[in-house]
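Here is how the chains run, residue by residue.
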Amino acid sequence: VGNAVVTGRGAEQGVAGSGEASQLTFALLDIERRRQAEVSIAQAQASLQRIIETAPLAIALFEAVSARVLRMNQMAAMYLGRAIEQVQGRVPEDWLGAEDARALREDLGAALGAADGVRREQKRATRADGGGDQRVWDVRIVSLAAAAGDPQLLLVASDVTEQRAAEQARFDAAVSQREMLVKEVHHRIKNNLQGVAGLLQ
């Protein structure tokens, strides 16, 4: 990028033929590195957006003060039970019921003041009206320091429905096995006591 300006005493006085001729000063600034940095930043942002879109996690970015949703992916739409266009750019009261919006704001506020953020396990319906399957989500909210402007909050949620169902099945199997063992032990004790009673008679 270059810039040329008229300099010299003649240019300052605005007098033609004042004895000293006007001069042109040309300044040149090399912005190649800045352009390369801009291209690198744009590529990194596009790559990050692709990662967010394809990640098997619900990801939503909130403005800390207003709780407005700045960005979210399709998994976050599934977690919230609403389409992206119904949520993005809006505050929780616009797309959640009063009680759910208040709970979300409380979690966002707690995450803003906590070094490790907030972690919750929530059961949510797959539809906004509360219908559909109930899914279990492991939710984490952390604060992101902003270099300029308001801080932001990142919500990341993973669907752990299958893991919780498997854990419950293992627990149920362990309980069933324990009950079977207790019955077997009681049966053997009963047989032993009947044998002792027979000997005593």
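It should be emphasised that the depicted structure is a prediction, and the values quoted were computed from it without experimental measurement.

Cut-off values and rules
- Residues numbered from 1 in each chain as written.
- Predicted model: local features only at pLDDT ≥ 70, side-chain atom pairs only at ≥ 80, totals over all residues.
- Heavy atoms only, no water.
- Helix = DSSP H or I, 4+ residues; strand = E, 2+ residues; numbered from the N terminus.
- Buried < 20%, exposed > 50% of the residue type's maximum accessible area, 1.4 Å probe, protein only.
- Areas by Shrake-Rupley, 256 points an atom, 1.4 Å probe, with all protein chains shown as cover.
- Pairing = 2+ DSSP bridges.
- Axes fitted to C-alpha atoms, helices over the stretch in contact; angles between N-to-C directions.
- Contact = heavy atoms within 4.5 Å.
- Core = buried A, V, L, I, M, F, W, Y, C linked by side-chain atoms within 4.5 Å.
- Patch = residues over 30% accessible without salt bridge, like charges linked within 9 Å, V, L, I, M, F, W, Y side chains within 5 Å.
- Salt bridge = Lys/Arg side-chain N within 4 Å of Asp/Glu carboxyl O.
- Expected span 1.5 Å × (residues − 1).
- Arc of directions from axis to C-beta.
- Phe/Tyr/Trp six-rings, centres within 6.5 Å; stacked < 30°, edge-to-face > 60°.
- Lys NZ or Arg CZ within 6 Å of the ring centre and 35° of its normal.

**Student:** Before we move on, could you go through the overall build of the chain and cite the residues and values that matter?
**Tutor:** Across its full length, the chain carries seven helices and seven strands. For the chain, the residues scored as buried account for 24% of the 201 residues in total. Of the roughly 14,000 Å² of accessible surface on the chain, 54% is carried by carbon and sulfur atoms.

**Student:** Lay out the sheet that holds strand 6 (residues 134–144) with the relevant residues and their values.
**Tutor:** Spatially, 4-3-7-6-5 is the arrangement adopted by the five strands of the open sheet, whose pairing is antiparallel. Each of the sheet's edge strands pairs with one partner strand only, and the pair in question is strand 4 (69–72) and strand 5 (118–125). Across the sheet, the axes of successive neighbouring strands diverge by a mean angle of 25°, strand direction being ignored. Running over the sheet, helix 6 (residues 98–113) touches strand 3 (58–63), strand 5, strand 6 and strand 7 (152–159) and is turned about 40° from strand 6.

**Student:** Please provide a residue-by-residue account of the nonpolar core, values included.
**Tutor:** Core analysis: the biggest nonpolar cluster contains 25 residues, and Phe 62, Met 72, Tyr 79, Trp 95 and Leu 155 have the highest contact counts within it. Of all elements in the fold, only strand 3, strand 4, helix 3 (74–80), helix 6, strand 6 and strand 7 reach the threshold of two or more residues within this core. Beyond its immediate stretch of four places on either side in the chain, Trp 95 contacts Phe 62, Val 69, Leu 80, Arg 82, Gln 86, Val 87, Arg 90 and Leu 104.

**Student:** Can you lay out the pairing of strand 3 for me, pointing to particular residues and giving the numbers?
**Tutor:** Burial of strand 3 is extensive: six of the six residues sit out of reach of the surface. In strand 3, alternate side chains face the same way, and those of Ala 58, Ala 60 and Phe 62 on one face and Ile 59, Leu 61 and Glu 63 on the other are all buried. Here strand 3 pairs with strand 7 via six bridges, running antiparallel. Bridging across to strand 7, Ala 60 finds its partner in Leu 155. Summarising the sheet, strand 3 and strand 4 pair through three bridges and their orientation is antiparallel. Directly across from Ala 60, in strand 4, lies its bridge partner Met 72. Where strand 3 folds back on strand 4, the antiparallel hairpin that results is connected by five residues, among which Ala 67 adopts a positive phi of roughly 65°.

**Student:** Can you explain a nonpolar patch on the surface? Please cite residues and give values.
**Tutor:** A cluster of nonpolar residues, Val 185, Ile 189 and Leu 193, forms a patch on the protein surface that exposes about 270 Å² of accessible area. Judged by relative accessible area, Ile 189 falls into the partly exposed class, the value being 42%.

**Student:** Kindly report on helix 6, identifying the contributing residues and their values.
**Tutor:** Note: α-helices contain 3.6 residues per turn, so residues at a spacing of three or four share the same orientation. Taking 1.5 Å per residue, 16 residues should reach 22 Å; helix 6 reaches 23 Å between its end C-alpha atoms and fits that length. Listing the buried residues of helix 6 in full gives Ala 101, Leu 104, Asp 107, Leu 108 and Ala 111. Projected down its long axis, helix 6 carries its buried residues within an arc of 125°, all on one side. More than 90 degrees from the buried face of helix 6, the exposed residues found are Ala 98, Glu 99 and Gly 113.

**Student:** Explain the packing of aromatic side chains to me, using residue names and the numbers behind them.
**Tutor:** Going through the model one piece at a time under the given rule, you end up with one aromatic pair. A centroid spacing of 5.2 Å and a plane angle of 70° characterise the contact between Tyr 79 and Trp 137, whose relative ring orientation is edge-to-face. Here the residue Tyr 79 occupies a position in helix 3, and Trp 137 occupies one in strand 6, the gap between them amounting to 58 residues. The class of Trp 137 is buried, set by a relative accessible area of 1%. The ring of Tyr 79 is capped by Arg 124, whose NZ or CZ atom sits 4.9 Å from the centre of that ring.

**Student:** Give me the pattern of salt bridges: which residues, what numbers.
**Tutor:** Summed over the entire model, instances satisfying the criterion amount to twelve salt bridges. Linking Glu 99 and Arg 102 is a salt bridge whose minimum nitrogen-to-oxygen distance equals 2.3 Å. Placement of the pair is Glu 99 and Arg 102 together in helix 6, with a separation of three residues, close to one helical turn. Between Arg 164 and Glu 121 there is a salt bridge, and its shortest N-O distance comes to 2.7 Å. You can see Arg 164 sitting in helix 7 (residues 161–200) and its partner Glu 121 sitting in strand 5, a full 43 residues away along the chain. We classify Arg 164 as partly exposed; its relative accessible area is 27%.

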